[in-house]
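Here is what each chain is made of, one letter per residue.
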Amino acid sequence: MKEGKLQLAVFISGNGSNLQALIDACAAPDFPARIALVLSNRPGVFGVKRAKRAGIETALVDHKTFPTRAAFEQAIAKALEGRGIDLICLAGFMRILTADFLSQWAEQVINTHPSLLPRHGGPGMFGEHVHRAVLDSGDTQSGATIHYVIPEVDQGPVILQKTVPVLPGDTVETLAERVIAQEHKAYPEAVRMIAEKQRETS
Ligand code: GRF
């Protein structure tokens, strides 16, 4: 907690609209967190441009350049070192982190998922697969979930959820748009909740 603010590392693999929501939230002087690092596992993604535009340090750890998952995660650990990171925010990060890595960061890694977990989560449930599954299930509600990350994919404790209706005539695209707008609200709210809780206990 440098200068009373929770120090965040945001992990991305793509567009980074959730990263943008966090950047925008952190721009408010009274927001209790600051992004110390944006880490991408993919070169050239738009999220990295968003970070640079906001003057945030970035690191590229391209998983394709490492022979093993362990070597990839060691490189991530190295990139995080010495930055006083309090919380890792996965924001469209498309790699699964191992139990070994997560044990180094117990209760310090959170994620956003575009459904109301435990509905429509787990390995392979990302992006449009999630919204397709929601539409196929006949669920009348979907939403955004911010949760702690544990080795079991999408099964960690829920921090907060925001609900949206599934409307007649919805397509994957229309539902995705409604859900991601809620992720953009939920993620900064969750970070604020965690930061305020840590302030109380420190
Ligand atoms: C979000 O819907 C997130 O829940 C999922 O991937 C999407 C990332 O979007 N894991 P963006 O890169 O933040 O725009």
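Reading guide: rules and limits
- Residues numbered from 1 in each chain as written.
- Predicted model: local features only at pLDDT ≥ 70, side-chain atom pairs only at ≥ 80, totals over all residues.
- Heavy atoms only, no water.
- Pairing = 2+ DSSP bridges.
- Helix = DSSP H or I, 4+ residues; strand = E, 2+ residues; numbered from the N terminus.
- Axes fitted to C-alpha atoms, helices over the stretch in contact; angles between N-to-C directions.
- Contact = heavy atoms within 4.5 Å.
- Near = heavy atom within 4 Å.
- Polar contact = N/O pair within 3.5 Å; in protein donor to acceptor, adjacent residues only side chain to side chain.
- Areas by Shrake-Rupley, 256 points an atom, 1.4 Å probe, with all protein chains shown as cover.
- Core = buried A, V, L, I, M, F, W, Y, C linked by side-chain atoms within 4.5 Å.
- Buried < 20%, exposed > 50% of the residue type's maximum accessible area, 1.4 Å probe, protein only.
- Disulfide = S-S within 2.5 Å.

Asks: Quick rundown of the sheet that holds strand S3 (residues 58-60)? Include the residues and the values.
Replies: Read from one edge to the other, the open sheet built from seven strands follows the order S3-S2-S1-S4-S5-S6-S7, with strand pairing classed as mixed. Across the chains shown, the open sheet's two edge strands, defined by having one partner strand only, are S3 and strand S7 (158-165). Sheet twist, expressed as the average angle between the axes of neighbouring strands with direction ignored, equals 20°. Across three bridges, strand S4 (residues 87-90) lies against strand S5 (residues 109-113) in parallel orientation. Within S5, the position partnered with Cys-89 by the bridge is Ile-110. Contacts from helix H1 (residues 17-26) reach strand S1 (6-12), strand S2 (33-40), S4 and S5 within the one sheet, and its direction differs from that of S2 by about 155°. Where helix H6 (residues 172-201) meets the sheet, it contacts S1, S2, S4, S5, strand S6 (141-148) and S7, and its direction lies at approximately 155° from that of S7.

Asks: Please set out the site of the ligand residue by residue, giving values where relevant.
Replies: As a structural note, the neighbourhood of the ligand is formed by Asn-15, Gly-16, Ser-17, Asn-18, Gly-92, Thr-112, His-113, Pro-114, Ile-180 and Glu-183. Ser-17 has a polar side-chain atom sitting 2.5 Å from an oxygen atom of the ligand. In the environment of the ligand, an oxygen atom lies 2.5 Å from a nitrogen or oxygen atom belonging to the side chain of Glu-183. When the free accessible area of the ligand is taken as 370 Å², the share hidden by the protein chains comes to 83%.

Asks: Give me the lowdown on the nonpolar core, citing residues and values where you can.
Replies: Among the nonpolar cores identified, the biggest contains 31 residues, and Leu-8, Val-10, Ile-35, Cys-89, Ile-110 and Val-191 are the most heavily contacted of them. Counting only elements with at least two residues in this core, the list comes to S1, H1, S2, helix H2 (46-53), S4, S6, S7 and H6. When residues in this core are grouped by element, the largest group, six residues, is from H6. Leaving out residues up to four positions away in the same chain, Val-10 has contacts with Leu-19, Leu-22, Ile-35, Leu-37, Val-38, Leu-39, Cys-89 and Ala-91. If you look at the next biggest cluster of nonpolar residues, it comprises 22 residues, including Leu-39, Leu-80, Leu-97 and Leu-102.

Asks: Tell me about the environment of Val-38, and name the residues and values.
Replies: Topologically, Val-38 is positioned in strand S2. Each C-alpha atom, one on Val-38 and one on Leu-80, is 9.8 Å from the other, the two residues being 42 residues apart in sequence. Those residues in contact with Val-38 that sit more than four places away from it in its chain are Val-10, Ile-12, Leu-19, Ala-51, Ile-56, Glu-57, Thr-58 and Ala-59.

Asks: Summarise the state of the cysteines; cite the residues concerned and give the values.
Replies: A complete count under the given rule lists zero disulfides for this structure. The cysteine Cys-26 is free of any disulfide, with Cys-89 supplying the nearest cysteine sulfur at 8.4 Å.

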